[in-house]
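Residues per chain, in single letters:
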Amino acid sequence: MPGYTTRLRTLQVGGQPTLIRALSDKQQFHDPLGEAERRGISSAAWPLFGLVWPSALVLAGHLQTVDVGARRVLELGCGLGLVSLALHRRTRDVTASDNHPLAGEFLAENVRLNALPPLPYRTGDWAAHDHSLGRFDLLVASDVLYDRGQPQMLAAFIARHANAAAEVLVVDPDRGNRSAFNQRMVALGFSASALSVRWLPEAEGAYKGRVLRYLRVAP
């Protein structure tokens with residue numbers, strides 16, 4: 001990737017190796033076109049999309065136990081696309097989304113590295129009202145409740161893009177905004193439950209967080 005140093009990681013998801021091209025560290029910042037400033041992304045936050053985060057490992061592993069079936073799936077804040085890649089191996093109706101300008105390029109490279117068919121990608125601006133995105137049966141995300149304003153924005157986005165009967169899975173490393181998000185999801189008609197997680201899958205180490213599950217059935 002021009003302007004960045006990267007490294008290739010091999011991660012095990014459901015016992016299957018997955019190749020991920022990631023930034024070499026979180027100090028990487030190269031923005032000659034000024035996109036970071038236009039989008040309000042600080043230089044410190046800019047590289048974070050390009051790292052493999054523990055919560056993504058947890059979500060990718062947890063989804064191996066979920067019956068995806070023929071459901072239409074959307075990943076929110078896909079970053080490098082680890083979770084979407086794992087889903088893409090099981091179903092073809094997966095869309096990855098992220099608001100970072102470089103996420104789509106890194107995702108496409110990781111799809112190529114794993115010899116998978118093209119994976120649909122959309123810019124995921126939670127404040128935008130993009131009716132062309134449509135609605136989904138299963139929406140998944142990892143470590144997206146890091147800011148106090150995220151619960152409101154994420155719940156509003158889900159309200160616009162979840163089907164009447166839908167499931168939402170969010171892995172949260174206990175960042176402190178879970179309660180506010182729970183309240184908003186319950187107000188949208190979802191039942192809420194949580195699964196405590198203390199270890200990363202594939203013996204990758206300790207973890208402290210939860211898999212938040214929200215379920216809404218059709219009237």
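Our structure's up above, just so we're on the same page.
Cut-offs applied
Residues numbered from 1 in each chain as written. Predicted model: local features only at pLDDT ≥ 70, side-chain atom pairs only at ≥ 80, totals over all residues. Heavy atoms only, no water. Helix = DSSP H or I, 4+ residues; strand = E, 2+ residues; numbered from the N terminus. Polar contact = N/O pair within 3.5 Å; in protein donor to acceptor, adjacent residues only side chain to side chain. Contact = heavy atoms within 4.5 Å. Phe/Tyr/Trp six-rings, centres within 6.5 Å; stacked < 30°, edge-to-face > 60°. Axes fitted to C-alpha atoms, helices over the stretch in contact; angles between N-to-C directions. Parallel < 35°, antiparallel > 145°, perpendicular 65-115°, else oblique. Left-handed = near helix turned anticlockwise from the far one by under 90°. Nonpolar A, V, L, I, M, F, W, Y, C, P; charged D, E, K, R; others polar. Expected span 1.5 Å × (residues − 1). Buried < 20%, exposed > 50% of the residue type's maximum accessible area, 1.4 Å probe, protein only. Pairing = 2+ DSSP bridges.

(A) How the structure looks around the side chain of Ser 55. Within the secondary structure, Ser 55 sits in helix 2 (residues 54-62). In this structure the side chain of Ser 55 is engaged in a polar contact, spanning 2.8 Å, whose partner is the side chain of Tyr 207. Ignoring any residue separated from it by four or fewer positions in sequence, one finds Ser 55 in contact with Ser 142, Asp 143, Val 171, Pro 173 and Tyr 207.

(B) Representation of the packing of aromatic side chains within the structure. The full count for this structure, using the stated rule, is 3 aromatic pairs. Summarising the aromatic geometry, the rings of Phe 29 and Trp 46 are spaced 5.9 Å apart at their centres and angled 85° between planes, so their arrangement reads as edge-to-face. Separated by 17 residues along the polypeptide, Phe 29 in the loop between strand 2 (16-23) and helix 1 (35-39) and Trp 46 in the loop between helix 1 and helix 2 bring together distant segments of the chain.

(C) View of the packing of helix 5 (residues 150-161) against helix 6 (residues 178-187). Running from amino to carboxyl end, helix 5 crosses helix 6 at an angle of 25°, the nearest separation of the two axes being 9 Å. One way to sum up the angle between helix 5 and helix 6 is to call them roughly parallel. Note on packing geometry: the crossing formed by helix 5 with helix 6 is right-handed. Facing helix 5, whose interface residues are Pro 151, Gln 152, Leu 154, Ala 155 and Ile 158, helix 6 presents Ala 180, Phe 181, Arg 184 and Met 185. The residue inventory of the contact of helix 5 with helix 6, partitioned by class, reads 7 nonpolar, 1 polar and 1 charged.

(D) Fine view of helix 5. In this model helix 5 runs 16 Å from its N-terminal to its C-terminal C-alpha over 12 residues, within 8% of the 16 Å that 1.5 Å per residue would give. By the burial criterion, the buried members of helix 5 are Gln 150, Pro 151, Leu 154, Ala 155, Phe 157, Ile 158, Arg 160 and His 161. Buried positions along helix 5 lie against strand 3 (73-76), strand 6 (136-142), strand 7 (162-172) and helix 6.

(E) Structural detail: the pairing of strand 9 (residues 206-216). In this sheet, strand 9 lies alongside strand 7 in antiparallel orientation, the contact comprising 7 bridges. Residue pairing in the sheet places Val 168 in a bridge with Tyr 214 of strand 9. Pairing analysis gives 8 bridges linking strand 8 (residues 191-199) to strand 9, with the strands arranged antiparallel. The partner of Ser 191 across the bridge, within strand 9, is Leu 215. Counted between consecutive antiparallel strands, the loop separating strand 8 from strand 9 contains 6 residues, among which Glu 202 sits at a positive phi close to 60°.

(F) Summary view of the sheet that holds strand 4 (residues 94-98). If you trace the 7 strands from one edge of the open sheet to the other, you get 5-4-3-6-7-9-8, paired in mixed fashion. With one partner strand each, in any of the chains shown, strand 5 (121-123) and strand 8 form the two edges of the open sheet. The average angle at which neighbouring strand axes cross in this sheet is 20°, direction not considered. The pairing of strand 3 with strand 4 spans 3 bridges and is parallel. Bridged to Leu 74 within strand 4 is Thr 95.

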